[in-house]
Amino acid sequence: MLKAKILVLGPCGSGKSVIANYLSDATETSGGEYRPTQGARILEFEVNNLDVSGRNVSAEVELWDCSGDRKYETCWPALAKDASGILFVFNPDQHNHDQDLESWHSYFVQQQGLKDAQCAVFAHNKSASADTSRENLCKC
């Protein structure tokens, strides 16, 4: 069985936890008022029937939902250790989110030796009255 450590990174308030909950089917923790992630939150789940180089395999996934607060920057080395990939999440309506992503990319991709092919970027457009239910997320 393959093992994957995927980091979910991006600025505060960009919707990282909503995306992480959706990907891991942890929707029971979605919704309600905004509560910033403290440090990191690890969601573990299995994915079956993956096609990897023509082989059908399963994977154990650790999805690390990381705080966007810079006060946790001293934790970045521990977060980056053994990462298999990164999902960058940002809100395109926030003018500073693109600059924040450059900083995250520099540290977690360039300095750690990950390839761009191991990364994905998710533009999570959040409206002021957005409901974070699974149904609304699927309509995006």
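As the structure is a computational prediction, the values presented were derived from the model and not from experiment. (Residues numbered from 1 in each chain as written. Predicted model: local features only at pLDDT ≥ 70, side-chain atom pairs only at ≥ 80, totals over all residues. Heavy atoms only, no water.)

Q: What should I look at first to understand unusual backbone geometry in this one?
A: Peptide bonds are trans in most cases, and residues, glycine excluded, mostly fall at negative phi. Backbone geometry places N49, a non-glycine residue, at a positive phi of 60°. Among the structural elements, N49 can be located in strand β2 (residues 40-52). On the accessibility criterion, N49 (61% relative accessible area) is exposed. (Helix = DSSP H or I, 4+ residues; strand = E, 2+ residues; numbered from the N terminus. Buried < 20%, exposed > 50% of the residue type's maximum accessible area, 1.4 Å probe, protein only.)

Q: Whenever I open this one, the nonpolar core confuses me. Can you help?
A: Considering soluble globular proteins, one finds that nonpolar side chains tend to be buried as a cluster. Among the nonpolar cores identified, the biggest contains 18 residues, and L7, L9, I86, F88 and F108 are the most heavily contacted of them. Contributions of two or more residues to this core are made by β1 (2-9), β3 (55-66), α2 (76-80), β4 (85-90) and α3 (97-110). Considering every element that reaches this core, the biggest residue donor is α3, with five residues. Those residues in contact with I86 that sit more than four places away from it in its chain are L7, L9, F108, V109, L114, Q118, C119 and A120. If you look at the next biggest cluster of nonpolar residues, it comprises eight residues, including V8, I19, A26 and L87. (Core = buried A, V, L, I, M, F, W, Y, C linked by side-chain atoms within 4.5 Å. Contact = heavy atoms within 4.5 Å.)

Q: I would appreciate a short explanation of the side chain of H97 in the present structure.
A: Here H97 is to be found in helix α3. By relative accessible area, H97 is classed as buried at 4%. In this view, H97 contacts P11, C12, S14, F90 and N91; residues no more than four positions away in its chain are not counted.

Q: Please explain the side chain of S14 as it appears in this structure.
A: Residue placement: S14 occurs in the loop between β1 and α1 (16-24). Polar side-chain contacts of S14 include one of 2.8 Å to the backbone oxygen of P11. Leave out the neighbours within four places in its chain, and S14 touches V89, F90, N91, H97, H124 and K126. (Polar contact = N/O pair within 3.5 Å; in protein donor to acceptor, adjacent residues only side chain to side chain.)

Q: In this structure, what is going on with the packing of aromatic side chains? I would like to understand it.
A: One pair of aromatic rings is described through two measures. These are the centre distance and the angle between the planes. Enumeration according to the criterion identifies five aromatic pairs in this entry. Centroid distance W76 to F108: 5.1 Å. Interplanar angle 55°. Geometry classified as tilted. Of this pair, W76 sits in helix α2 while F108 sits in helix α3, placing them 32 residues apart in sequence. By relative accessible area, which is 4% here, W76 ends up buried. Look at W104 and F108: their rings are 5.7 Å apart centre to centre, the planes differ by 20°, and that puts the pair in the stacked class. Placement of both W104 and F108 in helix α3 is noted, with a separation of four residues, approximately one turn of the helix. For the residue pair W104 and F108, the accessibility class agrees, reading buried in each case. Members of the aromatic cluster, connected to one another through ring pairs, are W76, W104, Y107 and F108. One residue, K5, lies across the ring of W64, its end atom 4.0 Å from the ring centre. (Phe/Tyr/Trp six-rings, centres within 6.5 Å; stacked < 30°, edge-to-face > 60°. Lys NZ or Arg CZ within 6 Å of the ring centre and 35° of its normal.)

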